[in-house]
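# Observations on chain architecture
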Amino acid sequence: MPFLELTLPCTEVEQPRYERALENVGALAVTLSDAHADAPDEQAIFEPGVGAMPLWAELSLTALFPGTTPRELLLHALEAADDGIDWSHVEFREVADQDWERAWMDQYEPLKFGERTWIVPWNHALPEGADRDGSAVVRLDPGLAFGSGTHQTTALCLQWLDGLAGRGELDDATVLDFGCGSGILALAALKLGAAGAVGVDNDPQALIATADNAERNNVRDRLAVYLPDDEPAAMRYPVVVANILASALISLADELAARVAPGGRIALSGILAGQEDEVIARFERAFEQLQLARLDDWIRIDGVRRR
Ligand SMILES: C[S@@+](CC[C@H](N)C(=O)[O-])C[C@H]1O[C@@H](n2cnc3c(N)ncnc32)[C@H](O)[C@@H]1O
């Protein structure tokens, strides 16, 4: 079935409001990308996903509607949904479904993180090295959820988990993956020795992708998935990883801190270089030994929950 694709520029601040309006008028999927990613390579790095995050300074928001949707009617509906937004800048084009959803996966190759962590596309042969004893292999089909391993923010979290495993700090732990997307981090933690994992996401499609990937990796019985309000509030985790936007980390700081057991560890990702001080300022009361790691323009902050 062909789709009608709507694209419009937006800023990180505008993004949630725009996304809400698009979803309210029935968008099948809403995706964000770098407004200046013209080169095919950059487009390939972008991971399509319902509820994917704004990860760049200037964003382009793209929404998908059934191909039969009349454009004029859609614009009227958007104005009715939120007349405070200037919808005159939207652009339309028709796309075939395979262009939209999965074309990028043709370039998806196995990836190694740290000493032993492998992310291998579900349909790909196991690469040399991944079959060695001690390797932790996650078989992944991100589907429409964010989290294939190709984004720097995910890579920073996988490297962190791999490092914890190297020091035996995941053994028997239950890991909370807040903003689980495809489930990539929760699954990596399980493969690296965690006893259990909990994936939380506010996008129901991400929870489906996470559960499917858990089945694919034969760890479904050790992984629970929840929408944020359903996750048992009394749980305290020795290891928490949250790869969401800096602004979301800042507003969720107290909630996330409350989830980490005293002496437990947290890694925060999705932070653009330049945003780290603001994030540290919100987390330093609850966490000590804060450390920064950087990959390209992206920062990871990790720390230990004060006792
Ligand atoms: C950048 S993706 C990370 C996916 C995966 N954990 C990874 O590292 O690749 C962020 C995920 O967080 C989810 N998310 C964003 N804000 C959230 C919130 N306030 N509560 C729960 N999930 C959220 C999004 O739906 C998305 O799946």
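Here the structure is shown first, and the text comes after it.
Scope of this entry: the structure provided in the associated data block.

Cut-offs used in this document
- Every chain is numbered on its own, with residues counted from 1 as its sequence reads.
- Since the coordinates come from a predicted model, pLDDT governs what is reported: local features require at least 70, and pairs of side-chain atoms require 80 or more to be given and counted, while whole-chain, interface and lining totals use all residues.
- Remark: hydrogens and water are excluded; side-chain values derive from all non-hydrogen atoms of the structure.
- Here the term buried applies to any residue with accessible area under 20% of the maximum for its type, exposed to any over 50%, and partly exposed to those in between, with areas from a 1.4 Å probe on protein chains only.
- In this text, helices come from DSSP runs of H or I with a minimum length of four residues, and strands from runs of E with a minimum of two, each type numbered from the N-terminal end.
- Only when DSSP finds a minimum of two bridges between them are two strands counted as paired.
- Note on terminology: a nonpolar core comprises buried Ala, Val, Leu, Ile, Met, Phe, Trp, Tyr and Cys residues joined through side-chain atoms within 4.5 Å.
- Throughout, a residue-residue contact means that at least one pair of heavy atoms, one from each residue, lies within 4.5 Å.
- What counts as a ring pair is set by centres within 6.5 Å for rings of Phe, Tyr and Trp (its six-membered ring), and what kind of pair is set by the plane angle: stacked under 30 degrees, edge-to-face over 60, tilted for all other angles.
- Counted as over-ring charges are cases with an Arg CZ or a Lys NZ within 6 Å of the ring centre that also lie within 35 degrees of the ring normal.

### Re the pairing of strand S1 (residues 3-10)
Burial of S1 is extensive: 6 of the 8 residues sit out of reach of the surface. The sheet contact formed by S1 and strand S3 (residues 59-66) spans 8 bridges and is antiparallel. Looking at S3, one finds that Leu8 is bridged to Leu61. In this structure, S1 lies alongside strand S4 (residues 91-95), joined through 5 bridges in antiparallel fashion. By the bridge assignment for S4, Thr7 is matched with Glu91.

### Details of the nonpolar core
By size, the foremost hydrophobic cluster in this structure holds 32 residues, and its most contacted members are Ile119, Leu161, Leu170 and Val239. Among the elements of the structure, strand S7 (136-140), helix H5 (152-166), helix H6 (184-191) and strand S11 (237-243) are those that each provide at least two residues to this core. Setting aside its immediate chain neighbours within four residues, Ile119 contacts Tyr108, Glu109, Pro110, Leu111, Phe113, Val138, Leu140, Ser148, Leu158 and Ile184. If you look at the next biggest cluster of nonpolar residues, it comprises 26 residues, including Val198, Leu256, Val260 and Val279.

### Comments concerning the packing of aromatic side chains
Inspection of every chain in the model, using the stated rule, returns 2 aromatic pairs. Judged by centre distance (6.0 Å) and plane angle (40 degrees), the ring pair of Phe283 and Phe287 falls under tilted. We note that Phe283, like Phe287, is buried. Taking the ring centre of Phe287 as reference, the NZ or CZ of Arg305 above it sits at 5.8 Å.

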